[in-house]
Amino acid sequence: MRYLPIGELADRARVRASALRYWEERGLLPGARREGGRRVWPATTLRRVALIKMAQRAGFTLAEITQLLAGSATPSAARQWREIAARKLPELDQHIAETRALRQAVAECLECGCMNFDQCVLLASTDATP
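So, a few notes on the structure that sits alongside this text. (Residues numbered from 1 in each chain as written. Predicted model: local features only at pLDDT ≥ 70, side-chain atom pairs only at ≥ 80, totals over all residues. Heavy atoms only, no water.)

Here we come to the pattern of salt bridges. Under the definition given, this model contains six salt bridges. In this structure, Arg 2 engages Glu 8 in a salt bridge whose closest nitrogen and oxygen atoms are separated by 3.0 Å. Of the residues examined, Arg 2 reaches a relative accessible area of 47% and is grouped as partly exposed. Look at Glu 8 and you get partly exposed, because its relative accessible area is 27%. Two residues, Arg 33 and Glu 35, come together in a salt bridge whose shortest N-O distance is 2.2 Å. Taking relative accessible area as the criterion, Arg 33 reaches 38% and is therefore assigned partly exposed. Salt bridges here are not isolated pairs; linked through shared partners, they connect Arg 2, Glu 8 and Arg 12. (Salt bridge = Lys/Arg side-chain N within 4 Å of Asp/Glu carboxyl O. Buried < 20%, exposed > 50% of the residue type's maximum accessible area, 1.4 Å probe, protein only.)

On the surface, a nonpolar cluster with roughly 250 Å² of combined accessible area is contributed by Leu 51, Met 54 and Trp 81. Mapped onto the secondary structure, Leu 51 falls in helix α3 (residues 45–57). (Patch = residues over 30% accessible without salt bridge, like charges linked within 9 Å, V, L, I, M, F, W, Y side chains within 5 Å. Areas by Shrake-Rupley, 256 points an atom, 1.4 Å probe, with all protein chains shown as cover. Helix = DSSP H or I, 4+ residues; strand = E, 2+ residues; numbered from the N terminus.)

Okay, the nonpolar core next. Grouped together as the largest cluster of nonpolar side chains are 23 residues, with contacts concentrated most on Leu 20, Trp 23 and Ile 65. Those residues in contact with Leu 20, other than ones at most four positions away along the chain, are Ile 6, Leu 9, Ala 10, Val 15, Leu 29, Trp 41 and Val 49. (Core = buried A, V, L, I, M, F, W, Y, C linked by side-chain atoms within 4.5 Å. Contact = heavy atoms within 4.5 Å.)

This next bit is on helix α1 (residues 6–13). Along α1, the residues classified as buried are Ile 6, Leu 9, Ala 10 and Ala 13. Taken down its axis, α1 places every buried residue within 100° of arc, on the same side. In this fold, the buried residues of α1 make contact with β1 (3–5), α2 (17–26), β3 (38–42) and α3. Positive backbone phi, approximately 60°, marks Arg 14, located one or two places after α1. (Arc of directions from axis to C-beta.)

With antiparallel pairing, the three strands of this open sheet are ordered in space as β1-β3-β2. Only two strands of the sheet have a single partner each, and these edge strands are β1 and β2 (33–35). Adjacent strand axes in the sheet meet at a mean angle of 45° when their direction is disregarded. With three bridges connecting them, β2 and β3 associate as antiparallel partners. (Pairing = 2+ DSSP bridges. Axes fitted to C-alpha atoms, helices over the stretch in contact; angles between N-to-C directions.)

Buried residues of α2: Leu 20, Trp 23 and Glu 24, and no others. Projection of α2 onto a plane perpendicular to its axis shows the buried side chains occupying an angular sector of 100°, all on one side. Positive backbone phi, approximately 90°, marks Gly 27, located one or two places after α2.

At Arg 14, a residue that is not glycine, the phi angle is positive and equals roughly 60°. If you trace the backbone, Arg 14 turns up in the loop between α1 and α2. Under the relative-accessibility criterion, Arg 14 is labelled exposed at 75%.

Spelled out as structure tokens, the structure:
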């Protein structure tokens with residue numbers, strides 16, 4: 001089995017070494033083996049790091065990710081993943097809707113082209129009435 005030093009794992013996974021150490025401390029990553037005083041992980045750890053990053057991008061907290069990874073090979077873990085993911089989907093849908101609205105606002109602003117934010121008609125609807 002091939003082992004990766006912390007620097008190489010961090011580079012290949014595109015995360016900071018400090019994140020890997022923190023995730024190891026929190027139990028998200030298996031304990032690293034030591035070679036010459038340096039942390040090394042099996043190359044398969046790249047897949048686990050990819051899962052952690054994907055889950056973070058999807059809005060999962062580290063506590064939720066820890067839950068998901070604890071006993072990840074058991075049927076109850078698969079059921080738990082489904083439950084947590086099902087609860088997360090409405091949050092993701094809301095985020096998508098907000099992002100689409102922001103994209104539309106930026107597109108409308110570009111289309112308007114006035115670049116006078118104090119008098120822009122598009123921003124008038126956000127003015128507070130006294």
